[in-house]
Amino acid sequence: MNSERRLTTILAADVVGYSRMMGEDEAGTLAALKQRRNDVLAPLVKQHGGRIFKLMGDGVLVEFPSVVNAVQCAVEVQKSMLAANAGQPADRQIVLRIGVNLGDVIVEGGDLYGDGVNLAARLEGLAEPGGICLSDTAHQHVGNKLQLAFRDMGEQSVKNFAKSVRVYSIAGAGSPAVPGTAPGTLHAESLSGRDKPAIVVLPFANMSGDAEQEFFADGLTEDILTELSRFRDLLVISRNTSSRYKGKPVDVKKIARELGVHYLVEGSVRKAGNRVRVNVQLIDTEGDRHIWAERYDRDLSDIFAIQDEITTSIVATLPGRVEAAMRDRVAKKPTESMAAYECVLAGKLHHHRSSPEDNGTALRLLERAIELDPNYAHAHAWYGCTLGQSWVNGFAKDRDAAWNTMTSELATALKLDDNDSDVHRILAAINVNMHKLDKAEYHQDRALVLNPNDDLIVVQQGELLTWLGQADDGVEWIRKAMRLNPYHPERFWSHLGRAYFTGRHYPEAVEALKKLSAPDHFQHAFLAACHAELGDEKQAKAHTAEVLKRQPSFTVSKYLATLPYKRPEDAAHHRDALLKAGLPA
């Protein structure tokens, strides 16, 4: 059979939550899907001159000779599906995501292959439930031929495509543009349906009247955008889109409507003598309220070094502030209404509390996130991490089952997204707990390359170096993480204290550990060891008493067996200090 190539339009669609629906009611789901194909999809495809060339369980691939026809069909399919879902229970509604691409395909018989088809499928995955995404080529051909409002989603990284792809979505799940709105406007009500928070960084204003500072302001804006894009749980509006607002008055509500963003970053640059001052603020667009602001005042000795320093400081702080603000939003919603991202966010919050009850709650939330989006690598990674917490702390009723599920979930996360820095960070942490330091080093290195501005990755680098016998270097990395995130979790002090102790810097270790508001028995054991090494017998005995009061069965040998020191001399040093403090062997 001879193959040929042609330029054509491909529409790809699949059902949101299909696996969950099949698991709950296989026969009913298949019957409903077949009915929708016969009553909605097939007639509309035929009406717009299309041809269904492949059915794949919950998915369908359609060819159209015209981009305009394909987009019209997509819009009408989504409207018809919305009408057909009316009155149906939320968990039984059939909701589609649709992607449309104009591209080159390989024709073999009645089937089509190649990047033109693959990209349409990837675009479908980027669409919101009930939404439609177009490639740049498709968007260019539609132009102003249809009365629709398109939103520029910027450059998107797409699996198995070397270069990023510019993507556009259709506002309001394909509904016509609201009169008086400009192209690029997104209906405000669709904001709440996002799976992750969207943020726009507006061009920083040059308040100096100095052309050199204009370059500095533009460079700072672009660097912040680039580095924020490393955080996979933020949807960052592209520079080309945000640059349209350069030099214009900031109307937060208007920008939120036009771009569909939850958060807005704005800033200014001012030169005064040999100093440069940068102001930056993060705004929650929903309430038009400031949730974080900072000022950076630096000598103008090396403007590019200053730009790098300020970029790093801003980018290290922003995601944490966004996550904290999102937690506030989540707290105001009933669990049943949470999207996958919000379930992960709430799950992480409970995970960090480290109690048996919170661990169980975190697992249920993360399971729900995976049900909502089975391809969400971040959810699988955190589910595995939380199962690891239950295994390490003895929360799991069946430790073998928890272990097996944990390893499976982490393997799934890695397979789904090998470029998610948090996936590698969690895998590194799990391997440290398993005393597999070589594997931990591999995943930690990957995490650090993928996102060097994530304070959790940076502090973990310090932890790992401590276990590897490079405690002084570990101290520097942990200190760096604290500088990156002035709002760092309290546990950073514990990591710092451990690194100082391992490096034989006992006074510094005590000072770090004293910052803990409620030290546990392990941290009291470290304090006991530090005071013993300092010759402070009274303080050593006091902390030893606290350890045994909280954990009467504590022994040095059992405790040390849980610590992954690579060098025997570091383990011996720790053992000798604990015994010197009077803790039982």
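Residues numbered from 1 in each chain as written. Predicted model: local features only at pLDDT ≥ 70, side-chain atom pairs only at ≥ 80, totals over all residues. Heavy atoms only, no water.

Participant: Where do I start with a positive patch on the surface in this structure?
Facilitator: A contiguous patch of positive charge, built from Arg 479, Lys 480, Arg 483 and Lys 515, is present on the exposed surface. By secondary structure assignment, the location of Arg 483 is in helix α17 (residues 471-484). (Patch = residues over 30% accessible without salt bridge, like charges linked within 9 Å, V, L, I, M, F, W, Y side chains within 5 Å. Areas by Shrake-Rupley, 256 points an atom, 1.4 Å probe, with all protein chains shown as cover. Salt bridge = Lys/Arg side-chain N within 4 Å of Asp/Glu carboxyl O. Lys, Arg positive; Asp, Glu negative; His and termini not counted. Charge placed at Lys NZ, Arg CZ, Asp CG, Glu CD. Helix = DSSP H or I, 4+ residues; strand = E, 2+ residues; numbered from the N terminus.)

Participant: It is not clear to me how the packing of helix α20 (residues 521-534) against helix α21 (residues 537-550) should be interpreted in this structure. Could you clarify?
Facilitator: Packed helix pairs are characterised by how far apart their axes lie and by the angle those axes make with each other. Here α20 crosses α21 at 160°, and the two axes come no closer than 8 Å. Here α20 lies roughly antiparallel to α21, going by the angle between them. Between α20 and α21 lies a crossing whose hand is left-handed. Only Gln 539, Ala 540, His 543, Thr 544, Glu 546, Val 547 and Arg 550 of α21 make contact with α20, whose side of the interface consists of His 521, His 524, Ala 525, Leu 527, Ala 528, His 531 and Ala 532. (Axes fitted to C-alpha atoms, helices over the stretch in contact; angles between N-to-C directions. Parallel < 35°, antiparallel > 145°, perpendicular 65-115°, else oblique. Left-handed = near helix turned anticlockwise from the far one by under 90°. Contact = heavy atoms within 4.5 Å.)

Participant: I keep staring at the packing of aromatic side chains and nothing clicks. Help me out?
Facilitator: Note on aromatic pairs: each is described by the distance of the centres and the angle between the planes. Following the criterion strictly, the structure yields 6 aromatic pairs and no others. When the centroid spacing of 5.0 Å and the interplanar angle of 70° are considered together, the rings of Trp 467 and Tyr 565 count as edge-to-face. Taken as a pair, Trp 467 in helix α16 (residues 455-467) and Tyr 565 in the loop between α22 (556-561) and α23 (568-580) lie far apart in primary sequence, 98 residues in all. Neither residue differs from the other here; Trp 467 and Tyr 565 are each classed as buried. (Phe/Tyr/Trp six-rings, centres within 6.5 Å; stacked < 30°, edge-to-face > 60°. Buried < 20%, exposed > 50% of the residue type's maximum accessible area, 1.4 Å probe, protein only.)

Participant: When you look at the side chain of His 574 in this model, what are you seeing that I'm missing?
Facilitator: Assignment of secondary structure puts His 574 in helix α23. In terms of polar contacts, His 574 uses its side chain to reach the side chain of Tyr 565, at 2.8 Å. Excluding anything up to four places from it in sequence, His 574 contacts Phe 501, Phe 526, Tyr 559, Leu 560, Leu 563 and Tyr 565. (Polar contact = N/O pair within 3.5 Å; in protein donor to acceptor, adjacent residues only side chain to side chain.)

Participant: Quick question: what am I supposed to make of the environment of Arg 498 here?
Facilitator: Position of Arg 498 among the secondary structure elements: in helix α18 (residues 491-502). By relative accessible area, which is 16% here, Arg 498 ends up buried. The sequence separation of Arg 498 and Cys 530 amounts to 32 residues, and the corresponding C-alpha distance is 9.8 Å. Once residues lying within four places of it in the same chain are set aside, the contact partners of Arg 498 are Glu 463, Thr 466, Trp 467 and Phe 526.

Participant: Any chance you could explain the pairing of strand β1 (residues 4-15) here in plain terms?
Facilitator: The side chains of a regular strand alternate, first on one face of the sheet and then on the other. Across 12 bridges, β1 lies against strand β4 (residues 96-108) in antiparallel orientation. Along β4, the bridge assignment pairs Ala 13 with Ile 98. Pairing between β1 and strand β3 (residues 59-64): 5 bridges, direction antiparallel. Paired with Ala 13 across the two strands is Val 60, which belongs to β3. (Pairing = 2+ DSSP bridges.)

Participant: Help me out: how do you make sense of the environment of Asp 473 in this one?
Facilitator: Relative to the helices and strands, Asp 473 is located in helix α17. Sequence separation of Asp 473 and Ala 499 is 26 residues, and the distance between their C-alpha atoms is 8.9 Å.

Participant: Can you walk me through the environment of Ile 370 in this structure?
Facilitator: Counting through the fold element by element, Ile 370 comes out in helix α11 (residues 356-372). A relative accessible area of 15% means that Ile 370 is categorised as buried. With 10 residues separating them in the primary sequence, Ile 370 and His 380 have C-alpha atoms 6.8 Å apart. When sequence neighbours within four positions are dropped, the list of residues in contact with Ile 370 reads Ala 379, His 380, Tyr 383 and Glu 409.

Participant: Would you mind going over the nonpolar core with me for this structure?
Facilitator: Buried together is how nonpolar side chains tend to be arranged in soluble globular proteins. If you look at the biggest cluster of nonpolar residues, it comprises 44 residues, and the most contacted ones within it are Leu 496, Phe 501, Ala 525, Tyr 559, Leu 578 and Leu 583. Listing elements by their share of this core, those giving two or more residues are α15 (437-450), α16, α17, α18, α19 (506-513), α20, α22 and α23. Counting residues per element, this core draws most heavily on α18, which supplies 6 residues. Those residues in contact with Phe 501, other than ones at most four positions away along the chain, are Tyr 506, Ala 509, Phe 526, Ala 529, Cys 530, His 573, His 574 and Ala 577. Residues Met 22, Val 40, Val 100 and Leu 134 belong to the second largest nonpolar core, which totals 36 residues. (Core = buried A, V, L, I, M, F, W, Y, C linked by side-chain atoms within 4.5 Å.)

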